[in-house]
Amino acid sequence: MTAISLRGARLSYGDRVLWDGLDLDVEPGEFLAVLGPNGSGKTSLMRVLLGLQPLSSGTVTVTGGNRAIGYIPQQRALEVSMTLRGRDLVGLGLDGHRWGFGLRNRRERRIRVDAAIASVSATRYADEPIGVLSGGEQQRLRVAQALVGDPTVLLCDEPLLSLDLANQRVVSELIDKRRREANTAVLFVTHELNPVLPLVDRVLYLVNGRFRIGTPDEVMNSRTLSELYRTPVEVVRVRDQILVVGAGACEEQTHHLTAEAAS
Ligand SMILES: Nc1ncnc2c1ncn2[C@@H]1O[C@H](COP(=O)(O)OP(=O)(O)OP(=O)(O)O)[C@@H](O)[C@H]1O
């Protein structure tokens, strides 16, 4: 059974079509990278899957429904004044699940939270206020929060943003481990494909209302990206990295035009 299924999915805000005719099946254990310039509708896709944003047309199905989803929202540095402890943040991932207030439930809840914290190696600082933790430590706890409910689908919105290379690796390995061990489907929104390229099964690339779905080789090539961006884009492979040349200028132009239109 597929983990996520979209059929004829369209999302538009007024005249602006983010995507249309999107047919997508994501299999259990699959790692799908979602790429595209700012404003192409990546976060909106997450919101549709979370049930926060209705489709303009078409259908969306997440096997197991909302409770089966773990979500790592786009990272914002948490305030230093934030007194919530790491374990409280992780515990929030169980809210919405069926938990009573009895002693047995409290003990069971604590076991689940401890296990999730241990799975991201965050036990040492789980009782600290999260505001004083480093970005990498905070991000591990966010991963634990997303995993504590035992999700069948994991939605990650730019989870590597502002992490150094070592922490990028730690966080992507944690996510990869989860999908391998629990067969959790992963949707991974990112501007940077290279840090996760070895993990990626398929790419969904969104640009200006158009999209392509395929393996990294099928999508990340000069011909496909030039068609998507409607301007010459050069894709170069250097060792095991993919460099995209030309799309950036097009993105800047798009933003410029959007800003002009809005003013
Ligand atoms: N509720 C809404 N009503 C109207 N427009 C919206 C709404 N939500 C998002 N948008 C617009 O839709 C576009 C896509 O937004 P979205 O956040 O999905 O893009 P994104 O690909 O995640 O961008 P980024 O890479 O910058 O995070 C943006 O231009 C945004 O302003």
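Throughout what follows, the structure given in this document is the object of discussion. These numbers were taken from a predicted model, which means no experiment stands behind them.

**A word on the nonpolar core**
Part 1 of the argument: Counting residues in hydrophobic clusters, the biggest one holds 48 residues, and the most contacted among them are Ile175, Leu193, Tyr205 and Leu225.
Part 2 of the argument: Residues from two domains meet in this core; each of domain 1 (4-220) and domain 2 (221-263) gives at least three.
Part 3 of the argument: Discounting residues that sit within four places of it in the chain, leucine 225 has contacts with Tyr205, Val219, Met220, Val233, Val235 and Val244.

**A word on unusual backbone geometry**
Part 1 of the argument: Positive phi, normally seen in glycine, also occurs at glutamate 158, with a value near 50 degrees.
Part 2 of the argument: Within the element layout of this structure, glutamate 158 appears in the loop between strand E6 (153-157) and helix H5 (165-182).
Part 3 of the argument: Its identity as a non-glycine residue notwithstanding, arginine 230 has a phi of 55 degrees, on the positive side.
Part 4 of the argument: With respect to the secondary-structure elements, arginine 230 resides in the loop between helix H7 (222-229) and strand E10 (234-238).

**Details of the sheet that holds strand E3 (residues 31-35)**
Part 1 of the argument: The sheet built from six strands is open, its strands ordered E5-E6-E7-E3-E8-E9 with mixed pairing. This sheet does not close on itself; its edge strands, each paired only once, are strand E5 (69-72) and strand E9 (210-214). Strand-to-strand twist across the sheet, computed as the mean angle between neighbouring axes with direction ignored, equals 15 degrees.
Part 2 of the argument: Looking at chain direction, E3 and strand E8 (residues 202-207) are connected through four bridges and run parallel. Bridged to alanine 33 within E8 is valine 203.

**Notes on the sheet that holds strand E4 (residues 57-62)**
Part 1 of the argument: Strand order in the open sheet made by the three strands is E2-E1-E4, with antiparallel pairing throughout. The outermost strands of the open sheet, each flanked by one partner alone, are strand E2 (16-26) and E4. Strand-to-strand twist of the sheet, defined as the mean angle between neighbouring strand axes without regard to direction, takes the value 25 degrees.
Part 2 of the argument: Relative to E4, strand E1 (residues 4-13) runs antiparallel, the two being bridged by five bridges. Bridge pairing links serine 5 to threonine 61 in E4.

**Details of the site of the ligand**
Part 1 of the argument: Taken together, 13 residues are adjacent to the ligand, and Arg16, Asn38, Gly39, Lys42 and Ser44 come closest.
Part 2 of the argument: In the environment of the ligand, an oxygen atom lies 2.8 Å from a nitrogen or oxygen atom belonging to the backbone of threonine 43.
Part 3 of the argument: For the ligand, an oxygen atom lies 3.5 Å from a polar atom in the side chain of glutamine 74.
Part 4 of the argument: Protein chains shield 61% of the accessible area of the ligand, which is 640 Å² for the free molecule.
Part 5 of the argument: When contributions to the shell around the ligand are tallied by element, the ones reaching two or more residues are E2 and helix H1 (42-49).
Part 6 of the argument: Of the residues forming the shell around the ligand, the biggest block, three residues, is contributed by H1.
Part 7 of the argument: For the shell around the ligand, the class distribution of residues is three nonpolar, eight polar and two charged.

About the thresholds
Per-chain numbering applies: the sequence of each chain, read as written, is numbered from 1 onward. Confidence filtering applies because this is a predicted model: local features only for residues at pLDDT of at least 70, side-chain atom pairs given and counted only at 80 or more, and all residues used for totals across whole chains, interfaces and linings. Only hydrogens and water are set aside when side-chain values are computed; all heavy atoms of the structure are taken into account. We define the nonpolar core as a collection of buried residues of types Ala, Val, Leu, Ile, Met, Phe, Trp, Tyr and Cys that are connected through side-chain atoms lying within 4.5 Å of one another. Whether a residue is buried, partly exposed or exposed follows from its accessible area with a 1.4 Å probe, protein chains only, as a fraction of its type maximum: under 20%, in between, or over 50%, in that order. Start and end positions for the domains come from either an automated domain assignment or a database one. By definition in these notes, contact holds between two residues if any of their heavy atoms fall within 4.5 Å. Secondary structure elements follow DSSP: runs of H or I no shorter than four residues count as helices, runs of E no shorter than two count as strands, and numbering proceeds from the N terminus. Two strands are said to pair when DSSP picks up at least two bridges between them. Axis lines are fitted to C-alpha atoms, over the contacting stretch for helices. Their N-to-C directions set the angle, which ranges from 0 to 180 degrees. What makes a residue near a molecule or strand is one non-hydrogen atom of that residue sitting within 4 Å of it. Distance and chemistry together define a polar contact, namely a pair of N or O atoms within 3.5 Å, with one atom able to donate a hydrogen and the other to accept it when in protein, and with adjacent residues in sequence counting only for side-chain atoms on both sides. Accessibility throughout is a Shrake-Rupley quantity obtained with a 1.4 Å probe, and a residue counts as covered only by protein chains that appear here. When residues are sorted by character, Ala, Val, Leu, Ile, Met, Phe, Trp, Tyr, Cys and Pro go into the nonpolar class, Asp, Glu, Lys and Arg into the charged class, and all the rest, Gly among them, into the polar class.

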